[in-house]
Each structure stands twice: as structure tokens, then as C-alpha cells.
Amino acid sequence: MQWFLSFFSFAVAFQVVFAAPAGLERRASATDAADVGFATLNGGTTGGVGGTTTTVSTLAALTAAVKGTSKKIVIVSGKHPLRTITGNAVVSVGSNTSVLGKKGSSLVGVGLRVKDASNVIVRNIRVSKVLASTGDAIAVQKSSRVWLDHLDLSSDRDHDKDFYDGLLDITHGSTGVTVSWSKLHDHFKASLVGHSDNNKAEDTKITVTYANNHFVNLNSRLPSFRFGRGHIFNNLFQNSNDGINTRLGAQLLVENNVFARTKKPIFSTDGGFAVARGNDLGGATNTAPNGSFTSAPYSYTLSSVAQVKSAVAAGAGQTLSF
Ligand SMILES: *[C@@H]1O[C@H](CO)[C@@H](O)[C@H](O)[C@H]1NC(C)=O
Ligand SMILES: *[C@@H]1O[C@H](CO)[C@@H](O)[C@H](O)[C@H]1NC(C)=O
């Protein structure tokens, strides 16, 4: 027995170290709080921790479950065997809510909007093919403390660039947003931060962290960032046209990202700034003016660019299981 127990604990310890390398399926907890970036500030982002848990498989059930400001955890399961919720709608997510996707679940034509809300977590959700006439795949507006983690967002590039709208748009003065370990792919307009050129008054306070995301086969806005402050580190950008566009007074801190076959990795069309260090630009050039955002207001661990390539390619997207 003694022998068996010690062998068993050895095997368990071994598993922790070797059976789950970054990137393969990872166990996550429905009660995890935001662990990186701006979403960890001002009390942090805990979503629906401490509230009820509901599992949903239809658009009607999802829409009803994520409403309102009471604490709640909503697990998106989808119908067996495809685990897909299909529709043509944008679902509004209220404050104090966690929306967590089961492995293999998927929203097709159905986007999520976090508007006038605070303390929201969206993790492990896959969204595809939300029509422009319906909205963005994920939209964050007038909100604070939002953690978007392990998302898989895409459409296709078979139509013109305005057939679909944004994959992940963060606008209207939203603060304390972190986008981590997400995969944005096969789309024209990836991620817009800041609503419009004349929305300075509202959007200057925007704060967003992008960490460990995989951007692949996109045209533009990786992200396009107006006003506000952004910390963009340890992301992998591949096969895309425009990279990070810093605009209209935006102050970005861009560290240890890897760009491969991305034509304009860091640039500014009109008056944005970036402090860029430690990036692998894949032979292309950073043309953005140097800025003043030199140090993020939270602690974080930078991976080396060599680590970013393999860890992000394997780990970003809907790779969690709950
Ligand atoms: C939920 O969030 C709001 C802020 O949006 C807060 O005022 C409220 O107290 C929270 N409710 C619960 C039940 O935690
Ligand atoms: C950019 O500006 C910051 C802050 O003034 C400074 O520390 C840094 O050395 C500058 N970087 C470059 C490449 O000029």
C-alpha cells in the first residue's frame, strides 16, 4: 500500500509537469478570476463567482441566462452532438456574469455584447460568422472590468470586407479590459478599440491589455487603437496585412510579440504612439512614433519571443475544459 501510494503520488506529480504542456487542453475552473492585465485592477474581475450556475443549449436559454446584474455563471453547452447554437442575434451580457464555453461548443451567427456592464468574464467561447447587419462577434461598450479569455473568433474571407463587422471591438470608454489567450482568425477587420475619430472625450480613458493572443489570416485592426492606453505583449501575429495601428493619441506599450508574414507590424496612420521593445518583427519595420507609456500599472511575466511562438500557437483559442 505504502509503495502504491508513493508510486501514485509520483505519477500525479509527474502528470502535472508533463501531461499538460501549454497549448493542449487545459482544465480550468468556473471560478477563476482574471489573472493578467488591466482586468486585474480596481478590485479585479471575478464575473459570476458566488452566484448560480446554469447550463444552456439554446439561443433563448442563453439570452435569458446572461441578463441582469445578479451574480451568475452560465455554461454554454450547445446541443448534442454538434454543440452549436445557431442564430442571427447579438446577446447582451449583464454585470457580474461569467459566460463559459464547454469544450467543442460554438455560437454560429450569434455574437455577445457587454454594454453598460461591469465585472464580466467570457471564456472558452467560440463565435463565428456574425453578419455585419447583426453586429460584432464580441463587443464591449461603456463597460469596465471585463476578461475575455481563450476565445475563438472567426468568419471567412470569401465575402467583401464589410459583409462581417468586427471580431472583437472595445469602444465607448471601456476600461479594465483584458483579452488573453484568444485566437482571432480568417476575417477582415479583427479588433477595433475606440469608437470613432471624433469620440475622444469618451474614449481617452480606454484601457486594454492584449496578452498571449494568436492573430492569423486577418486583414486589418490587429488591433486598430484610437485614444486610450493599450498594453500588447506576447502575442503571435501570422499571415496578416496590417498589424497594430496606433491612432489619434493612443499610447501603446508593445512588448515581446512575434510577427510572421505580417506586412505592417506596428504603424500609425494618424498620430498614435507606441513604445515597442523586444518584438520579433519578422524582418518588417516598426514605423510608429515612440510614445510615453513605458510601464504597465500591474505586474506581469513576459515570455521570450522564442517561447511565444510555440506556446501561443498551441494554447490560444478554445483549449480549456471546465
Ligand atoms: C453587480 O454589479 C453592479 C455594478 O454593475 C453592482 O452595483 C451590483 O452590486 C452587483 N450585484 C451583485 C449581486 O453582486
Ligand atoms: C521611447 O521613449 C521612452 C520614454 O521617453 C524612452 O525610455 C525610450 O528609450 C524611447 N525608445 C526609443 C526607441 O527611442
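Keep in mind that what you see is a predicted model, and the values were worked out from it rather than measured. (Residues numbered from 1 in each chain as written. Chains lettered and ligands numbered in written order. Predicted model: local features only at pLDDT ≥ 70, side-chain atom pairs only at ≥ 80, totals over all residues. Heavy atoms only, no water.)

Novice: Please clarify how unusual backbone geometry should be interpreted in this entry.
Specialist: The phi torsion of most residues other than glycine is negative, and most of the peptide bonds are trans. Looking along the chain, the bond that leaves L222 and enters P223 is cis, with omega of -10 degrees. Looking at the secondary structure, you find P223 in the loop between β17 (214–220) and β18 (224–226). Positive phi outside glycine occurs at N42, with the angle close to 55 degrees. Here N42 is to be found in the loop between β1 (26–27) and β2 (52–56). N42 gets classed as exposed once you look at its relative accessible area, which sits at 70%. For R261, which is not glycine, the phi dihedral falls at a positive 50 degrees. (Helix = DSSP H or I, 4+ residues; strand = E, 2+ residues; numbered from the N terminus. Buried < 20%, exposed > 50% of the residue type's maximum accessible area, 1.4 Å probe, protein only.)

Novice: Sorry if this is basic, but what is going on with the pattern of salt bridges here?
Specialist: Side chains carrying opposite charge are able to pair once their charged atoms draw close together. One pass over the full model with this rule turns up twelve salt bridges. In this structure, K189 engages D165 in a salt bridge whose closest nitrogen and oxygen atoms are separated by 3.7 Å. Note that K189 is positioned in strand β14 (residues 183–189) and D165 in the loop between β11 (152–154) and β12 (168–171), a separation of 24 residues in sequence. Residue K189 is classed as buried on the basis of its relative accessible area, which comes to 10%. Through salt bridges with shared partners, a single network forms among K161, D162, D165 and K189. (Salt bridge = Lys/Arg side-chain N within 4 Å of Asp/Glu carboxyl O.)

Novice: Any chance you could explain the site of ligand 1 here in plain terms?
Specialist: If you check the shell around ligand 1, you find T69, K71, S95, N96 and S118 and nothing else. Between ligand 1 and N96, the relevant distance is 2.4 Å, taken from an oxygen atom to a side-chain nitrogen or oxygen of the residue. With the chains in place, 44% of the 360 Å² that ligand 1 exposes on its own is no longer accessible. Per-class residue counts for the shell around ligand 1 are no nonpolar, four polar and one charged. (Near = heavy atom within 4 Å. Polar contact = N/O pair within 3.5 Å; in protein donor to acceptor, adjacent residues only side chain to side chain. Areas by Shrake-Rupley, 256 points an atom, 1.4 Å probe, with all protein chains shown as cover. Nonpolar A, V, L, I, M, F, W, Y, C, P; charged D, E, K, R; others polar.)

Novice: Would you explain the UniProt feature "domain: Pectate lyase" (unreviewed entry) in the protein chain in this entry?
Specialist: The feature "domain: Pectate lyase" (unreviewed entry), as annotated in UniProt, sits at residues 49–265 in this numbering. Across residues 49–265, the secondary structure splits into 5% helix and 56% strand, with the terminal C-alpha atoms separated by 38 Å. (UniProt positions renumbered as here; feature names shortened; annotations may be inferred.)

Novice: Please explain the sheet that holds strand β5 (residues 97–101) as it appears in this structure.
Specialist: The strands that make up a sheet are held in pairs by hydrogen bonds between backbone atoms, and each pair lies either parallel or antiparallel. Spatially, β2-β3-β5-β7-β10-β13-β16-β19-β21-β23 is the arrangement adopted by the ten strands of the open sheet, whose pairing is parallel. The sheet is open, and its two borders are formed by β2 and β23 (273–277), each paired with just one other strand. Mean inter-strand twist for the sheet, computed between neighbouring axes without regard to direction, equals 10 degrees. By the bridge criterion, five bridges tie β2 to strand β3 (residues 72–76) in an arrangement that is parallel. Bridging from a neighbouring strand, T53 pairs with I73 of β3. (Pairing = 2+ DSSP bridges. Axes fitted to C-alpha atoms, helices over the stretch in contact; angles between N-to-C directions.)

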